[in-house]
Structure formats: C-alpha cells, structure tokens
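One letter stands for each residue in the lines below.
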Amino acid sequence: MTESSDKETLPNILSIGAAVPEGVVTNEELEKTLDTSDEWITSRTGIKRRHVLKEEEKPSSLGVEASREAIDKSPVDPEEIDLVVVATNVSDMPIPGSSPFIVKELGLSRDIPFFDLKAGCSGFLYAVDVAANMIGGKGYAEILVIGLEALSRVVNWDDRSTCVLFGDGAGAAVISKRGNRGRILSTSIYGDPSKANLIKVEGGGTRLPPAKGSEEDERYYIRMEGKGVFKSAVNMMKRSSLHVLEDAGLDLSDVDWIVPHQANIRIIKQLASSLGVGMDRVVVNVDEYANTSTATIPIAFKEGIEEGSIESGDVVLLTAFGAGAAYGATLLEW
Ligand code: ACO
C-alpha cells in the first residue's frame, strides 16, 4: 500500500482529455451473433453500446488524441512534459509497449522518459499516484498520464459472458504543481494478490507464449470469475475511498461527485449504497462505453465536467478495482 499524505507536495490534475473510436457495437447488433439479448445485458450490466476500434485502427492513436486534448486544455506546453506514463493492460506491442509510440506521435522531446504501467482497470489511478509521488520526490515537473485500452482485441467475440462487457477508449491528464485547479488531496493504491486470478488473459505472456492455433484456445482471451469480481470490486473500491477520505481529513458529506470505474451499473449502485451516497452524486456512462478498463475514469470525469455536473471547487472521489485485484482511489478538488 502507498499513501500520499504530504499535502504540501501533492500536485494538481490540471486537465483531462478523452477519446473513443467512432465505431459502435450495440446490444442489438450482438443479439445477431450471440445467444444474448439487450434485456439480459442491460439488466445485468447497464451497458447499451460500446465503442470499438476497427481492424486497421491503432490503439495508441486513441491515447494520442486524448493526450492532445489534455495538453491543449492545460497551461503546459508539449515540450515542457518531462515524463509520460501509459496505464494499459494490453499494449500496442508486448515489446516495446504503447508509450514510445504515443510519445513519438505526440512529437514530444526524444529524451524524456516514458513507460507502460500495468495494474488492471485501476491503472489510471495507479499512474496518477505514481505521477503525484514522482513530482513530489524525483523532481519531475509536468507529467502526462494516459489510460489506454483496446480490450476488443483480446475478448473472444463468441463468448457472451465477457465480450458484451468491454469497449475501447483512452483518457489522459496533465499533472503538475502549476495552476490552481484539480488539487490532489490524497491518493492511495493497493492490491490483494490472493485474488490475482479473478480476471486474466493467460496466453501470450511468458508462461504461455503466443502459439499457432491460439484463436481456438480460451486461455488467450479475457476470462473472469464474474461473481467474485463483483464482490471484490464493491468492497475494495469502498475501502480505498474511505482511506483517501480519512487521509485528507474529510468525510463522504464533503464529496460532491464520485467517479467510479465503469464496469457495471450494479457494481456502481452497490458501491454508492454501501458508502451511503445517492446515485445523483455519481457519474455514470457505462451505458455508452461499457468497460474501457484504464480509460473509464478519465472518460467519465471529462463527461461529468462537460455536462456541467462537476464544477470548479467540487470535491471529486475517483475509485477503481481491476485485474490482479489492484485497486485505489484519488481525492481531488476540481
Ligand atoms: N447473455 C445471456 N446470458 C448470459 C450472458 C449474456 N451476455 N452472459 C452470461 N450469460 C448466462 C450464463 O451463461 C449463465 O447461464 P447458465 O445459468 O445457463 O450457466 C447465466 O447467464 C448466469 O450467469 P452468471 O455468471 O451467474 O450471471 P451473473 O448474474 O453473475 O451476471 C455478470 C454476470 C454480469 C458478469 C456479473 O457477474 C458481473 O457483473 N460481474 C462483474 C464482472 C465485471 O463487471 N467485470 C468487468 C471486468 S472486471 C472490472 O472491470 C472490475
């Protein structure tokens, strides 16, 4: 567990950008190829549509688009960015990941460091925590944090229990001590390795390297224990939310908006109910985008701002849970 509690040194989330593919797959379209129904998907998950990359589209281009928006909306010039962290579970390439391609396409300085960070659907909040601490400790000044996911490339589109749940997308944020917006009040990240097997893609790593004929092997696609994920997601998002509130010396009545990881409306409702918070203070867009993993929080955060829900000065609680049972929360004042 890490916890940033030196409030003097915590930086700001200056801006948010997001991008999703134009292509959309609706529940009705899935009904044509799978033994499923709009009714089943909507009632179990709240999902109606998901945005999905076309075969010829590059996932990293979504990260580039989201990053450009975040940089444009911040007072930071692209050449001032001195570190790029890309949270993603399935990179553009196993080697060298996605970050070098994004940095290259953005035309950032060739000498800045960049890396991919893998922490399930909590990756974006892990990256925010890492960035916040690196600005405090290592002397970086302007960090670009990206959540990028193209899970449509690793779901089995014949498996109704998983493919209906996911979509593609990216979100980005510029983190810096500059400015007076988006002050991070507390950020914490955690993990429970005893639950490491809840959500996984077994094949394609070093234990089970990519193989011929893998398209017939379910281990090369995303699989999960749905009920176990449900329970752990609620418990762990609640726990991390309470930790950051305590760390910041605030309580739930101080929180104007919760932006939770968007995996499933029932998980979100149960989280809100277990925290005693009404759904009128929770940003939800899982109906439109499904679960975009590391990208759900920045996409939903940006929508909450653009719709006029999240306003300047609001206290916003971000919380996520994902594969590896990695989880976390960030509290900030927008
Ligand atoms: N359409 C129709 N039937 C389906 C579908 C589908 N798309 N998917 C599964 N079913 C069937 C199952 O095959 C099963 O049939 P059976 O009883 O004949 O075997 C039946 O529905 C019930 O399946 P369950 O798994 O018991 O359904 P459950 O009520 O648990 O709902 C769900 C499944 C929606 C996945 C639920 O467990 C859940 O929300 N879990 C959380 C998982 C999640 O959101 N993961 C996202 C990734 S992880 C993350 O981001 C945190």
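Scoring rules and cut-offs
- Residues numbered from 1 in each chain as written.
- Predicted model: local features only at pLDDT ≥ 70, side-chain atom pairs only at ≥ 80, totals over all residues.
- Heavy atoms only, no water.
- Axes fitted to C-alpha atoms, helices over the stretch in contact; angles between N-to-C directions.
- Helix = DSSP H or I, 4+ residues; strand = E, 2+ residues; numbered from the N terminus.
- Parallel < 35°, antiparallel > 145°, perpendicular 65-115°, else oblique.
- Left-handed = near helix turned anticlockwise from the far one by under 90°.
- Contact = heavy atoms within 4.5 Å.
- Nonpolar A, V, L, I, M, F, W, Y, C, P; charged D, E, K, R; others polar.
- Near = heavy atom within 4 Å.
- Polar contact = N/O pair within 3.5 Å; in protein donor to acceptor, adjacent residues only side chain to side chain.
- Areas by Shrake-Rupley, 256 points an atom, 1.4 Å probe, with all protein chains shown as cover.
- Phe/Tyr/Trp six-rings, centres within 6.5 Å; stacked < 30°, edge-to-face > 60°.
- Buried < 20%, exposed > 50% of the residue type's maximum accessible area, 1.4 Å probe, protein only.
- Pairing = 2+ DSSP bridges.
- 1 Å grid on protein atoms, 1.4 Å probe; cavity = no way out; pocket = protein on both sides within 12 Å on 5 of 7 lines; lining within 4 Å.
- Points joined across faces, edges and corners; volume = space filled by probe spheres on them.
- Salt bridge = Lys/Arg side-chain N within 4 Å of Asp/Glu carboxyl O.
- Arc of directions from axis to C-beta.
- Expected span 1.5 Å × (residues − 1).
- Core = buried A, V, L, I, M, F, W, Y, C linked by side-chain atoms within 4.5 Å.

So, the packing of helix α3 (residues 59-72) against helix α4 (residues 99-106)
Piece 1. Axis separation between α3 and α4 bottoms out at 9 Å; the angle between their running directions is 50°. By the angle class used here, α3 and α4 are oblique. Considering how the two elements wind past one another, α3 and α4 form a crossing that is right-handed. Contact residues: α3 offers S60, S61, G63, V64, S67 and R68, while α4 offers F101, I102, E105 and L106.
Piece 2. Its residues assigned to classes, the contact of α3 with α4 comprises four nonpolar, four polar and two charged.

Let's talk about the site of the ligand
Piece 1. Around the ligand sit 23 residues, and of these T36, R44, K227, N264 and N291 come closest.
Piece 2. With respect to the ligand, the side chain of R44 contributes an N or O atom lying 2.6 Å from an oxygen atom.
Piece 3. Contact with the protein chains covers 74% of the free accessible surface of the ligand, which is 1000 Å².
Piece 4. At the level of secondary structure, the elements contributing two or more residues to the shell around the ligand comprise α2 (38-45), α6 (160-163), α7 (226-248) and α8 (265-275).
Piece 5. For the shell around the ligand, the element with the highest residue contribution is α7, accounting for four residues.
Piece 6. Taken together, the residues that form the shell around the ligand break down as 11 nonpolar, seven polar and five charged.

A look at the packing of aromatic side chains
Piece 1. Applying the stated rule across the entire model yields two aromatic pairs.
Piece 2. A centroid spacing of 5.3 Å and a plane angle of 65° characterise the contact between F301 and W334, whose relative ring orientation is edge-to-face. Pair noted here: F301 is in helix α10 (residues 296-306) and W334 is in the segment after β14 (326-333), with a separation of 33 residues, a long-range link.

What about the pairing of strand β9 (residues 183-191)?
Piece 1. Where burial is concerned, most of β9 is hidden: seven out of the nine residues are buried.
Piece 2. Pairing geometry for β9 and β14, over eight bridges, is antiparallel. The partner of I189 across the bridge, within β14, is G328.

Details of the layout of surface pockets
Piece 1. Taken as a whole, the second largest pocket encloses approximately 170 Å³ of empty space.
Piece 2. For the lining of the second largest pocket, the elements supplying multiple residues, two or more each, are β2 (12-19) and α10.
Piece 3. Here the residues of the lining of the second largest pocket sort into five nonpolar, four polar and four charged.

Overview of the pattern of salt bridges
Piece 1. One pass over the structure, following the stated rule, counts 15 salt bridges.
Piece 2. Close ionic contact of R183 with E333 constitutes a salt bridge, the shortest N to O distance being 3.3 Å. Taken together, the positions of R183 in strand β9 and E333 in strand β14 put the pair 150 residues apart, joining distant regions of the chain.
Piece 3. What makes R183 partly exposed here is its relative accessible area of 40%.
Piece 4. On the basis of relative accessible area, E333 is assigned to the partly exposed category, the value being 31%.
Piece 5. D217 is the partner of R219 in a salt bridge, and the nearest nitrogen-oxygen pair spans 2.8 Å.
Piece 6. Assessed through its relative accessible area of 34%, R219 is described here as partly exposed.
Piece 7. Residue D217 is classed as buried on the basis of its relative accessible area, which comes to 18%.
Piece 8. Residues participating in the shared-partner salt-bridge network are E69, K73, K302 and E306.

A closer look at the side chain of S241
Piece 1. Relative to the assigned elements, S241 resides in helix α7.
Piece 2. By relative accessible area, which is 0% here, S241 ends up buried.
Piece 3. Within polar-contact distance, the side chain of S241 engages the backbone oxygen of M237 at 2.7 Å.
Piece 4. Leave out the neighbours within four places in its chain, and S241 touches L275, L317, T319 and A329.

Details of α8
Piece 1. For α8, the set of buried residues is I265, I267, I268, L271, A272 and L275. An end-on view of α8 places all buried positions within 160° of arc, on one side of the element.
Piece 2. Of the residues flanking the start of α8, the one acting as N-cap is N264, its side-chain oxygen 2.7 Å from the backbone nitrogen of R266.
Piece 3. Trailing α8 by a residue or two, G276 shows a phi angle of about 75°, which is positive.

With respect to α3
Piece 1. With 14 residues, α3 ought to run about 20 Å at 1.5 Å a step, and its terminal C-alpha atoms sit 21 Å apart, in line with that.
Piece 2. Most of α3 is tucked away, with 10 of its 14 residues classed as buried.

So, the nonpolar core
Piece 1. In terms of nonpolar packing, the biggest core is built from 48 residues, with V164, V255, I258, I267, L317, F321 and L331 touching the most fellow members.
Piece 2. Those elements giving two or more residues to this core turn out to be β9, α7, α8, β13 (315-322) and β14.
Piece 3. Counting residues per element, this core draws most heavily on α7, which supplies nine residues.
Piece 4. With residues up to four places along the chain from it excluded, the contact list for L317 reads S241, V244, V255, W257, I258, V259, A329, T330 and L331.
Piece 5. In this structure, L10, Y126, A132 and I175 belong to the second largest nonpolar core, which totals 36 residues.

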